[in-house]
Amino acid sequence: MSGANSSSLTPAFFILNGVPGLEAAHIWISLPFCLMYIIAILGNCGLIYLIGHEEALHRAMYYFLALLSFTDVTLCTTTVPNMLCIFWFSLKQIDFNACLAQMFFVHMLTGMESGVLMLMALDRYVAICYPLRYASILTNPVIAKAGLATFVRSVALIIPFTFLTKRLPYCRGNLIPHTYCDHMSVAKVSCGSVKVNAVYGLLAALLIGGFDMLCISVSYTMILRAVVSLSSVDARQKAFGTCTSHLCAIIITYVPALFTIFTHRFGEQSIPHHVHIIIANLYLMCPPTLNPIVYGVKTKKIQEGVIKLFYMEKNSKIRNSFVN
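Thresholds applied
Residues numbered from 1 in each chain as written. Predicted model: local features only at pLDDT ≥ 70, side-chain atom pairs only at ≥ 80, totals over all residues. Heavy atoms only, no water. Helix = DSSP H or I, 4+ residues; strand = E, 2+ residues; numbered from the N terminus. Contact = heavy atoms within 4.5 Å. Areas by Shrake-Rupley, 256 points an atom, 1.4 Å probe, with all protein chains shown as cover. Lys, Arg positive; Asp, Glu negative; His and termini not counted. Charge placed at Lys NZ, Arg CZ, Asp CG, Glu CD. Disulfide = S-S within 2.5 Å. Buried < 20%, exposed > 50% of the residue type's maximum accessible area, 1.4 Å probe, protein only. Core = buried A, V, L, I, M, F, W, Y, C linked by side-chain atoms within 4.5 Å. Phe/Tyr/Trp six-rings, centres within 6.5 Å; stacked < 30°, edge-to-face > 60°. Expected span 1.5 Å × (residues − 1). Bend = angle between axes of the 7 residues up to and from the residue. Patch = residues over 30% accessible without salt bridge, like charges linked within 9 Å, V, L, I, M, F, W, Y side chains within 5 Å. Salt bridge = Lys/Arg side-chain N within 4 Å of Asp/Glu carboxyl O. pLDDT = per-residue confidence, 0-100. UniProt positions renumbered as here; feature names shortened; annotations may be inferred. Pairing = 2+ DSSP bridges.

**Observations regarding the overall build of the protein chain**
Piece 1. Helix and strand counts for the protein chain stand at 10 helices and five strands.
Piece 2. Intrachain contacts of the protein chain at a sequence separation of at least 6 include 78% that bridge at least 24 residues.
Piece 3. By element, 70% of the accessible surface of the protein chain is carried by carbon and sulfur atoms, the whole surface being about 15900 Å².
Piece 4. Charged side chains of the protein chain number 22 positive and 13 negative; the gap between the two group centres comes to 5 Å.

**As for the state of the cysteines**
Piece 1. The final tally for this structure, using the stated rule, is two disulfides.
Piece 2. Between C99 and C181 runs a disulfide, and the two sulfur atoms are separated by 2.0 Å. Taking the sign of the S-S torsion, -120° for the link of C99 and C181, the bridge is left-handed. On the criterion of sequence distance, the pair formed by C99 in helix α3 (residues 96–129) and C181 in the loop between β5 (175–176) and α6 (183–187) is long-range, its members being 82 residues apart.
Piece 3. Among the residues examined, C99 registers a relative accessible area of 0% and is labelled buried.
Piece 4. If the cysteines joined by disulfides in the protein chain are listed in sequence order, their pairing comes out as 1-3, 2-4.
Piece 5. Note on C76: no disulfide assigned, nearest cysteine sulfur contributed by C45 at a separation of 8.8 Å.
Piece 6. Overall, C76 belongs to the buried group, its relative accessible area being 0%.

**Things to note about the nonpolar core**
Most often, soluble globular proteins have nonpolar side chains that are buried together.
Piece 1. With 85 residues, the main nonpolar core has F14, L65, M120 and I216 as its most contacted residues.
Piece 2. Among the elements that take part in this core, α3 stands out by supplying 19 residues, more than any other.
Piece 3. Leaving out residues up to four positions away in the same chain, M120 has contacts with F64, L65, L68, H246 and Y295.

**Some words on the packing of aromatic side chains**
Piece 1. By the definition in use, this model includes seven aromatic pairs.
Piece 2. A centroid spacing of 5.5 Å and a plane angle of 40° characterise the contact between F14 and F96, whose relative ring orientation is tilted. Remark: F96 occurs in helix α3 and F14 occurs in strand β3 (residues 13–16); sequence separation between them is 82 residues.
Piece 3. Overall, the relative accessible area of 0% leaves F14 in the buried class.
Piece 4. Classification of F96 by relative accessible area gives buried; the value is 4%.
Piece 5. Ring plane angle 80° and centroid distance 5.8 Å describe the contact between Y125 and Y130, whose orientation is recorded as edge-to-face.
Piece 6. The class for Y130 is partly exposed, based on a relative accessible area of 34%.
Piece 7. Pairwise contacts between aromatic rings join F14, F96 and Y170 into one cluster.

**So, helix α2 (residues 60–89)**
Piece 1. Its 30 residues give α2 an end-to-end C-alpha distance of 43 Å, which sits within 8% of 44 Å, the value for a rise of 1.5 Å per residue.
Piece 2. Its maximal kink placed at T77, α2 deviates by approximately 30°, while the proline P81 follows within four residues.

**Looking at a nonpolar patch on the surface**
Piece 1. Together, I27, W28, L31, W88, F89 and L91 make up an exposed nonpolar region whose accessible area comes to about 680 Å².
Piece 2. Of all the secondary-structure elements, those providing two or more residues to the nonpolar patch are α1 (26–53) and α2.
Piece 3. Considering each element in turn, the nonpolar patch owes the most residues, three residues, to α1.
Piece 4. Classification of I27 as partly exposed rests on a relative accessible area of 43%.

**Description of the confidence of the model for the protein chain**
Reading predicted coordinates in detail is not appropriate for stretches of low pLDDT.
Piece 1. When the pLDDT values of the protein chain are averaged, the result is 88; 90% of them are 70 or greater.
Piece 2. In the model of the protein chain, strand β1 (residues 4–5) stands out as the element of lowest mean pLDDT, 42, in contrast to helix α5 (residues 140–166), which has the highest, 96.
Piece 3. Here residues 1–7 is modelled with pLDDT under 50, and outside its nearest four sequence neighbours on either side it reaches 13 contacts, counting other chains as well.

**Some remarks on the UniProt feature "transmembrane region" (unreviewed entry) in the protein chain**
Piece 1. Those residues carrying the UniProt feature "transmembrane region" (unreviewed entry) are residues 27–50, 62–89, 101–122, 142–164, 202–227, 239–262 and 274–294 in this numbering.
Piece 2. Structurally, residues 274–294 comprises 100% helix and 0% strand, and the distance from its first C-alpha atom to its last is 29 Å.

**Points about the pairing of β3**
Piece 1. Pairing of β3 with strand β4 (residues 93–95), which is carried by three bridges, proceeds in the antiparallel orientation. When the sheet's bridge partners are listed, I15 is paired in β4 with Q93.
Piece 2. By the bridge criterion, two bridges tie β3 to β5 in an arrangement that is parallel. Among the inter-strand pairings, L16 is bridged to a residue of β5, identified as I176.

Spelled out as C-alpha cells, the structure:
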C-alpha cells in the first residue's frame, strides 16, 4: 500500500478524493464554496467585532452569538482551505495524524455549535419567562461557565473518535472518497471491524445533538406557554420576534446534520455518494454563511449597532480630513 507502514498497517498519509464521480466539475463546485467561505469569514468576524465594540450588545444573548460566530469561523476554516486545495490544485494528500486532527476539530466544533444553540435557547427561555431576573440569572460568570462546560463536553465526547480510528488496520488502501476527514469516511477505509466506531459515533451524536435538541424543545415549549398566556397581541408578537433568528439558526444547523448522520448509517445504498459528500460540505458551510445574515436581518439591535458603527467611522474620516 502506498505510503503505508506494513508492520502496523497504519498509512503515512491518506488521499482525499474530493467529490467522487464529479472530478471534472471540481472547479465549478469550488466556486460557491469559496464564495460561502468569504461571506462566512467577513460576516462572523464582523459580528464578533461589533459585539465586542458596541456596549449595547454586552448581554448574554449577544455573547452566545459571538461564541457561535467564533465556532463557525473556526469550523469552516478547518475544512474549506484544504477542500479548495483539492479542487484547484489537486493537492489531495493529507498526513495520517493531520487527518485525525482535522477529524477531531470538525466533530468537536460541530458539537460546540450544537451546544451553543442549546445555550441560546435557554437564554431566550430566561428572557421571556423571567424578564425581570434576566440580568441577575445570566451574569458574566454564568455565561463563561456555560460556554466552558459546552467546550469540555464536546472535547471529552469527541476525543475517543481519534483513538477508535487510529487503532484500525488500513490494509485496503488510503483513498478517502471525501473532501475532508470525516469519522466514518476514514473508518470505512479500514479492513477491520468498524462496528465500535459506528456505535460510538451514534452514541456521541445522541449525547450531544439529541440532548441539545431535547433541551431546545423543552425551552421552546415553556416559551410558547408563556407567550400564549400574554394578553397583548403586540407583546406576543414581540416575544416571538426575539426567537425567530434563533429558530432559523436551529433549522439551518440541524436539518443537514441529521441528513448526514442518518445517510452515513442507513441510506448510503439509495443516495448517490456525490450527493452525500456535497450535503456533508453544505452541513459545515451553511450555518457559518447564513447565521450572520439571519441575525443581521432579524435582530434590530445588531442593525442599530452596524449603523452606529458606520456613522462613527464616517464622522471620524470627516474629522480627520478637516484636521489634515
